[in-house]
Amino acid sequence: MINKMRTAQEAVAGIQDGMTVMVGGFLGTGTPEILIDALVEKGVKHLTVIANDGGLPASVTGTTDRGVAKLLSAGMIDHIIASHVGMNPIIGKGMNDGTLKCTLVPQGSLAEKIRAAGAGLGGVLTPTGVGTIIADGKETLTIEGRQYLLELPLRADFALCRASICDKFGNFSCAKATKNFNHVMAMAADTVILGAEKVVEIGEVDVDTFTTAGVYVNYIVGGEQPWQI
């Protein structure tokens, strides 16, 4: 059996300048903070980040940056592909002064584009965005009298995901709201790193505990702190 266990620093060592990185979670809920911290420590630049949002800045949490906000504060992102960016003023400022590219994708479409990549699909059809600027440059199809946009798959070099529990093969599941994007992102990247709150031996718990197969996971990092908003 291949040993997938790594330190956070070892796990992110392959992430290089200019790569595309997916980050699971929703406004820091379900984001693998231990992996984000290791990536900030590594100091890579010019990343394209695919995430639901820009995380939560310290000005909102009252303590410290959470999630993708850490990467933004460190100036590591050139392009963010996300749905909900209004909580982090760094994104608006970067868009206005031309230092940060932001591609906004409707939330459901973002999840489906990622899922399509993981499932090996050529894209998904959705009515969301028809007749708006979201449709600019995209193919439109009419099916049974209704218009749909063709949304293409989104894939990444690395995905940083979070698990509430996993085994040492990487089979994992996420509790409650921490499910957001982690399961689909684990299927849509060349290399998947899992930050886990609890790591158990293979066979230690019922296999039905897990919702995502460890075959997708390349590296596991234990020590993720229990989720808190």
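Structure first, text after, so check above.
Residues numbered from 1 in each chain as written. Predicted model: local features only at pLDDT ≥ 70, side-chain atom pairs only at ≥ 80, totals over all residues. Heavy atoms only, no water.

### A few points about the pairing of strand β10 (residues 189-200)
The side chains of a regular strand alternate, first on one face of the sheet and then on the other.
Point 1. Where strand β8 (residues 156-167) lies against β10, 10 bridges are found, and the strand directions are parallel. Bridge pairing in β10 links F158 to T191.
Point 2. Both β10 and strand β11 (residues 219-221) contribute to a ladder of three bridges, which runs parallel. Bridging from a neighbouring strand, L194 pairs with I220 of β11. (Pairing = 2+ DSSP bridges. Helix = DSSP H or I, 4+ residues; strand = E, 2+ residues; numbered from the N terminus.)

### Observations regarding the packing of aromatic side chains
Point 1. In this structure the tally under the stated criterion is zero aromatic pairs.
Point 2. Cation over ring: K4 sits above F169, and NZ or CZ is 3.9 Å from the ring centre. (Phe/Tyr/Trp six-rings, centres within 6.5 Å; stacked < 30°, edge-to-face > 60°. Lys NZ or Arg CZ within 6 Å of the ring centre and 35° of its normal.)

### Regarding the environment of F172
Point 1. Along the polypeptide, F172 turns up in strand β9 (residues 172-173).
Point 2. For the pair F172 and K198, spaced 26 residues apart in sequence, the C-alpha to C-alpha distance is 9.8 Å.

### Some points on unusual backbone geometry
Point 1. One non-glycine residue, E144, adopts positive backbone phi at about 50°.
Point 2. Summarising the element assignment, E144 is placed in the loop between β6 (140-143) and β7 (146-151).
Point 3. For F181, which is not glycine, the phi torsion reads 70° and is therefore positive.
Point 4. Structurally, the position occupied by F181 is in the loop between β9 and α7 (182-185).
Point 5. The buried category is assigned to F181, whose relative accessible area is 9%. (Buried < 20%, exposed > 50% of the residue type's maximum accessible area, 1.4 Å probe, protein only.)

### A few points about the sheet that holds strand β5 (residues 124-126)
Point 1. Strand order in this open sheet of three strands is β5-β7-β6, and the pairing throughout is antiparallel. Bordering the open sheet on either side are β5 and β6, each of which pairs with just one other strand. Along the sheet, successive strands turn relative to each other by an average axial angle of 40°, direction set aside.
Point 2. Strand direction decides the pairing type here: β6 and β7, joined by four bridges, are antiparallel. Directly across from I143, in β7, lies its bridge partner R146.
Point 3. Each of β5 and β7 is contacted by helix α6 (residues 107-119), which is oriented at about 165° to β5, the strand it contacts most. (Axes fitted to C-alpha atoms, helices over the stretch in contact; angles between N-to-C directions. Contact = heavy atoms within 4.5 Å.)

### Quick word on the pattern of salt bridges
It is possible for side chains bearing opposite charge to pair when their charged atoms get close.
Point 1. By the definition in use, this model includes 11 salt bridges.
Point 2. Here K138 ties to E151 by a salt bridge, and the two come within 2.8 Å at their closest N and O atoms. Here K138 is found in the loop between β5 and β6, whereas its partner E151 is found in strand β7, with 13 residues between them in sequence.
Point 3. Accessibility expressed as a relative area gives 1% for E151, which makes it buried. (Salt bridge = Lys/Arg side-chain N within 4 Å of Asp/Glu carboxyl O.)

### Looking at the nonpolar core
Point 1. Core analysis: the largest hydrophobic core is formed by 29 residues, its most contacted members being I15, L39 and L160.
Point 2. Counting residues per element, the ones that place at least two in this core are α1 (8-11), β1 (20-23), α2 (33-42), β2 (47-51), α4 (69-73), β3 (77-82) and β8.
Point 3. The element contributing the most residues to this core is α2, with four residues.
Point 4. Apart from the residues lying within four places of it in its own chain, the contact partners of I15 are V21, L39, K42, V44, L47, F158 and L160. (Core = buried A, V, L, I, M, F, W, Y, C linked by side-chain atoms within 4.5 Å.)

### What to know about the pairing of strand β4 (residues 101-104)
Point 1. By the bridge criterion, four bridges tie β3 to β4 in an arrangement that is parallel. By the bridge assignment, A82 is partnered in β4 with L104.
Point 2. Between the parallel pair β3 and β4, the chain is carried across by helix α5 (residues 89-97), and the sense of this crossover is right-handed. (Right-handed = clockwise from strand over helix to strand, strands pointing away.)

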